[in-house]
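# Per-entry structural report
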Amino acid sequence: MILFAASQYHYWSQLSSGSVFSPEFPRPVVILFNWAFGAIILLAPMQLLLDVGTLIAMLIHGGGVNVPDGMRYGLGTVAALLAAVGVHQALRVPPLKDVEIGIRGLAPQFDGYTLLQLTDLHISRLFTAKWARAVVERANGLGANLIVVTGDLIDGSLAARRADVEPLRDLRAADGVYVIPGNHEYFFNYRDWMAHYAEMGMRALENDQVVLDRDGGKLVLAGVTDLSASHTGHPARDLAAALKGTPKGVPVILLDHQPRAAQQAAALGVALQLSGHTHGGMVIGLDRLTARANAGYVSGRYDVDGMTLYVNNGTALWPGFALRLGRPSELTRITLRRTAM
């Protein structure tokens, strides 16, 4: 009965808030649900492998094979311990990950320029104001020239999450803080959230761009709405509109929540695309399934027809499956370097 109750976590979440994406239980309950649900997910393939091995042994020996109960209890214990480690890894304030990316045609004034990428914060009953404040303090302490937030900031309505997102108001960078929507913004009153981000001092790039200027050197930062936008009645992702009017010869950095349309960006001359959405696949092995759903892009750096794509593992992740094993969260500081044409 305990296993059955844990397996229905997403159903209980929907009952709690009307949305499977926003469990509104007390935080300790959400943590326990994630641990138990994660243990079930991990235990299932272990049990299947054991049973397949037992069947093979039966075929070899031509008869019944006894599997000690202790072996199955042992698998359950391993799954429970791994789930506990995975939840702990998911809940921490992420460590810094430094990435250096070369860009052809980058103005000398932008050589050494630093961007801090945050993505998939999923601020919720699991990732609360206390966690968000710690992330903001760590982010501001890195002194990046620019902060970009590539979608999925929240899980929940503005009324439910207003206090929890408030620490994001204090994000600071010399050239500002820019944000694009992820698919989860569309689950919870998209316009309300985008207006609230703007009121908090984050500039939204919705199929739009801004030209950054440093002592005459230029760099374009563009952003698009999410691929899911067209299904919600809101403005669809329009990369052509976002790139319209780009100064000739100026490199473009594109913020696009989902990585699977990277080839389109490369074909239109984007130099660097920053994405999230995949959470890095969360668990080694499971990441292969996530990659298949995202055109093969799941974690880290990719060369896409001459364009660099960086897929961030995420600052946090969806509270419906908060588990990380081998795919750690990250605060990603990207240093731009000028390379030969």
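Every chain begins its residue count from 1, and numbering advances along the sequence as written. Local features are withheld for residues below a pLDDT of 70 in this predicted model, meaning they are given only at 70 or higher, and side-chain atom pairs are given and counted only at 80 or more; totals for whole chains, interfaces and linings count all residues. In computing side-chain values, all of the structure's heavy atoms are included and hydrogens and water are not.

## Some points on helix 3 (residues 27–61)
Cut-off, in case you're wondering: Per the convention used, a helix needs a DSSP run of H or I reaching at least four residues, while a strand needs a run of E reaching at least two, with both numbered from the N terminus. What a helix is expected to span follows from its residue count: subtract one and scale by 1.5 Å.
The terminal C-alpha atoms of helix 3 lie 51 Å apart, and with 35 residues this matches the ideal 51 Å at 1.5 Å per residue to within 8%. Where helix 3 ends, the next residue or the one after it, Gly62, has phi of about 70°, a positive value.

## Concerning unusual backbone geometry
Here is the rule: Any residue under 20% of the maximum accessible area for its type is buried, any over 50% is exposed, and the rest in between are partly exposed; the area is computed with a 1.4 Å probe on protein chains only.
Of note, His122 is a non-glycine position whose phi angle comes to about 45°, a positive value. Looking at the element boundaries, His122 is found in the loop between strand 2 (114–118) and helix 5 (129–141). Under the relative-accessibility criterion, His122 is labelled buried at 0%. In this structure, Asn189 takes a positive phi of about 55° despite not being glycine. Positionally, Asn189 belongs in the loop between strand 4 (177–180) and helix 7 (190–199).

## Overview of the packing of helix 6 (residues 158–165) against helix 7
Helix packing for two helices is described by the angle between their axes and how far apart those axes are. Note the following rule: To get an axis, a line is fitted to the C-alpha atoms, and for a helix only the part in contact is used. The angle between two axes follows their N-to-C directions and goes from 0 to 180 degrees. For this classification, under 35 degrees means roughly parallel, over 145 means roughly antiparallel, 65 to 115 means roughly perpendicular, and everything else is oblique. Handedness of a crossing is defined here by the sense of rotation of the near helix relative to the far one, left-handed for an anticlockwise turn of less than a right angle and right-handed for a clockwise turn. We call two residues in contact when some of their heavy atoms are within 4.5 Å. Think of it as three bins: nonpolar holds Ala, Val, Leu, Ile, Met, Phe, Trp, Tyr, Cys and Pro, charged holds Asp, Glu, Lys and Arg, and polar takes everything else, Gly as well.
Running from amino to carboxyl end, helix 6 crosses helix 7 at an angle of 20°, the nearest separation of the two axes being 12 Å. By the criterion of interaxial angle, the relationship of helix 6 to helix 7 is roughly parallel. Remark: the crossing between helix 6 and helix 7 carries right-handed chirality. Contacts from Leu158, Arg161, Arg162 and Val165 in helix 6 reach Asp192, Trp193 and His196 in helix 7. Split into classes, the residues belonging to the contact of helix 6 with helix 7 amount to three nonpolar, one polar and three charged.

## Some remarks on the pattern of salt bridges
Applied cut-off: For this document, the term salt bridge refers to a Lys or Arg side-chain nitrogen within 4 Å of an Asp or Glu carboxyl oxygen.
Inspection of the entire model under this criterion finds 15 salt bridges. In this structure, Arg161 engages Glu24 in a salt bridge whose closest nitrogen and oxygen atoms are separated by 2.9 Å. Here Arg161 is found in helix 6, whereas its partner Glu24 is found in the loop between helix 2 (9–17) and helix 3, with 137 residues between them in sequence. Note that Asp164 and Arg161 form a salt bridge whose closest N and O atoms lie 3.5 Å from each other. Here Asp164 and its partner Arg161 are both found in helix 6, three residues apart, which amounts to about one turn of the helix. Here Asp164 and Arg161 have matching classes, each one buried. Residues participating in the shared-partner salt-bridge network are Glu24, Arg125, Arg161 and Asp164.

## Re the packing of aromatic side chains
Filter applied, for reference: Aromatic contacts are taken between Phe, Tyr and Trp rings whose centres are within 6.5 Å, Trp giving its six-membered ring; a plane angle under 30 degrees counts as stacked, one over 60 as edge-to-face, and the others as tilted.
Under the counting rule described, the total for this entry stands at 13 aromatic pairs. With 6.3 Å between their ring centres and 55° between their planes, Tyr9 and Phe37 make a pair best called tilted. Of this pair, Tyr9 sits in helix 2 while Phe37 sits in helix 3, and the two are 28 residues apart along the sequence. Here Tyr9 and Phe37 have matching classes, each one buried.

## Things to note about the sheet that holds strand 7 (residues 217–223)
Backbone hydrogen bonds hold the strands of a sheet together, and the pairing may be parallel or antiparallel. Heads up, the rule is: Being paired, for any two strands, means DSSP has found at least two bridges between them.
The strand order 6-7-8-9-11-10 describes an open sheet built from six strands, whose pairing is mixed. The sheet is open, and its two edges are formed by strand 6 (208–214) and strand 10 (300–304), each paired on a single side. The sheet shows a mean angle of 20° between the axes of neighbouring strands, direction not considered.

## Examining the packing of helix 3 against helix 4 (residues 69–91)
In the contact formed by helix 3 and helix 4, the axes pass within 8 Å of each other and the chain directions differ by 135°. One way to sum up the angle between helix 3 and helix 4 is to call them oblique. In the crossing of helix 3 with helix 4, the sense of the turn from one axis to the other is right-handed. For the pair helix 3 and helix 4, the contacting residues are Arg27, Ile31, Asn34, Trp35, Gly38, Ala39, Leu42, Leu43, Met46, Gln47, Leu50 and Asp51 in the first and Met71, Arg72, Leu75, Gly76, Val78, Ala79, Ala80, Leu82, Ala83, Ala84, Val87 and Leu91 in the second. Residue composition of the contact of helix 3 with helix 4, grouped by class: 17 nonpolar, four polar and three charged.

## Description of the pairing of strand 8 (residues 252–255)
What counts is decided by this rule: Classification remark: right-handed applies to a crossover when, strands pointing away from the viewer, the course from the first strand over the helix to the second runs clockwise.
Burial along strand 8 is two-sided: the residues Val252 and Leu254 and Ile253 and Leu255 are all buried. Pairing geometry for strand 8 and strand 9 (residues 272–275), over three bridges, is parallel. Bridging across to strand 9, Leu255 finds its partner in Leu274. Handedness of the strand 8-helix 9 (residues 262–267)-strand 9 crossover: right-handed.

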